[in-house]
Amino acid sequence: MEWVWNILIVLGTFLLMEAVAWSTHKYVMHGWLWSWHEDHHHPHTGFFEKNDYFAVVFATVAISLILIGSEVPSVRFLLWVGIGVTAYGLFYFIFHDIIVHRRVKIKFVARSRYMKRIMRAHYIHHKVHTKQGAQAFGFLYAPKKFEREKM
């Protein structure tokens, strides 16, 4: 029965990470660490950008949780939290870096309402090139207000 709890921890962490990512994006990336995030809102050359430092920070947290949870039996649940953070990071990378920003060249056409809505929200977010004034800070969720109106 322990495996059920482990799966619930992974899924719960994955879902909670959207709130963590939203608040980090709004208050840290568009706040005191704008210097890391700013180049992401402007055209640039090269594959890497300073914004990628955030991926390193989140990966370090996930790896640390997995290692501590693997090595210290009394906090084994941290292993599953780390796996949930890693799963979110994987989905984030696929959606944000591959599908939306095409940092890896693939052919992808959004067909579902969900994908169209989150992609539209992200493009609206990137219309603002300054620290203030942006909206739509989520990565894997966007409110219905970002759906295109039916014509």
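The structure under discussion appears in the preceding block.
Here's what I pulled together on the structure shown here.

Rules of the game
Residues numbered from 1 in each chain as written. Predicted model: local features only at pLDDT ≥ 70, side-chain atom pairs only at ≥ 80, totals over all residues. Heavy atoms only, no water. Helix = DSSP H or I, 4+ residues; strand = E, 2+ residues; numbered from the N terminus. Expected span 1.5 Å × (residues − 1). Buried < 20%, exposed > 50% of the residue type's maximum accessible area, 1.4 Å probe, protein only. Arc of directions from axis to C-beta. Phe/Tyr/Trp six-rings, centres within 6.5 Å; stacked < 30°, edge-to-face > 60°. Lys NZ or Arg CZ within 6 Å of the ring centre and 35° of its normal. Core = buried A, V, L, I, M, F, W, Y, C linked by side-chain atoms within 4.5 Å. Contact = heavy atoms within 4.5 Å. Axes fitted to C-alpha atoms, helices over the stretch in contact; angles between N-to-C directions. Parallel < 35°, antiparallel > 145°, perpendicular 65-115°, else oblique. Left-handed = near helix turned anticlockwise from the far one by under 90°.

Right, let's get into helix H3 (residues 53-71). Taking 1.5 Å of rise per residue, 19 residues should cover 27 Å, and H3 covers 27 Å from first to last C-alpha, within 8% of that figure. Those residues of H3 not exposed but buried are Phe 54, Ala 62, Leu 65 and Gly 69. Along the axis of H3, the buried residues cluster in a sector spanning 65°; they form a single face. Exposed side chains of H3 directed beyond 90 degrees from the buried face belong to Val 56, Ile 63, Leu 67 and Glu 71.

Now for unusual backbone geometry. Positive phi outside glycine occurs at Arg 102, with the angle close to 55°. Following the sequence through the fold, Arg 102 ends up in the loop between helix H4 (77-100) and helix H5 (113-125). On the basis of relative accessibility, which here comes to 25%, the residue Arg 102 falls in the partly exposed class. One non-glycine residue with positive phi stands out, namely Ala 136, at about 60°. Tracing the backbone through its elements, the reader meets Ala 136 in the segment after H5. Judged by relative accessible area, Ala 136 falls into the buried class, the value being 14%.

Bringing the environment of Ala 55 into the picture now. Along the chain, Ala 55 turns up in helix H3. Sequence-wise, Ala 55 and Tyr 92 are 37 residues apart; in three dimensions their C-alpha atoms are separated by 9.8 Å.

To continue, consider H4. With 24 residues, H4 extends 33 Å from end C-alpha to end C-alpha; this agrees with the ideal 34 Å at 1.5 Å per step. Directly after H4, the chain includes Arg 102, whose backbone phi takes a positive value near 55°.

We now examine the packing of aromatic side chains. Applying the stated criterion across every chain, the model contains eight aromatic pairs. The ring of Phe 47 is capped by Arg 103, whose NZ or CZ atom sits 4.9 Å from the centre of that ring.

On to the nonpolar core. Proteins that are soluble and globular tend to have nonpolar side chains buried together. Tyr 88, Phe 95, Met 115 and Met 119 are the most contacted members of the largest nonpolar core, which totals 24 residues. Elements supplying a minimum of two residues to this core: helix H1 (2-32), H3, H4 and H5. Residues contacting Met 115, with those up to four places away along its chain left out, are Phe 95, Ile 99, Phe 108 and Ala 110.

H4 packs onto H3 with a crossing angle of 155° between their chain directions and a minimal axis gap of 7 Å. One way to sum up the angle between H3 and H4 is to call them roughly antiparallel. The hand of the H3/H4 crossing is left-handed. Here H3 contributes Phe 58, Ala 62, Leu 65, Ile 66, Ile 68, Gly 69 and Ser 70 to the contact with H4, which in turn contributes Leu 78, Leu 79, Val 81, Gly 82, Ile 83, Val 85 and Thr 86.

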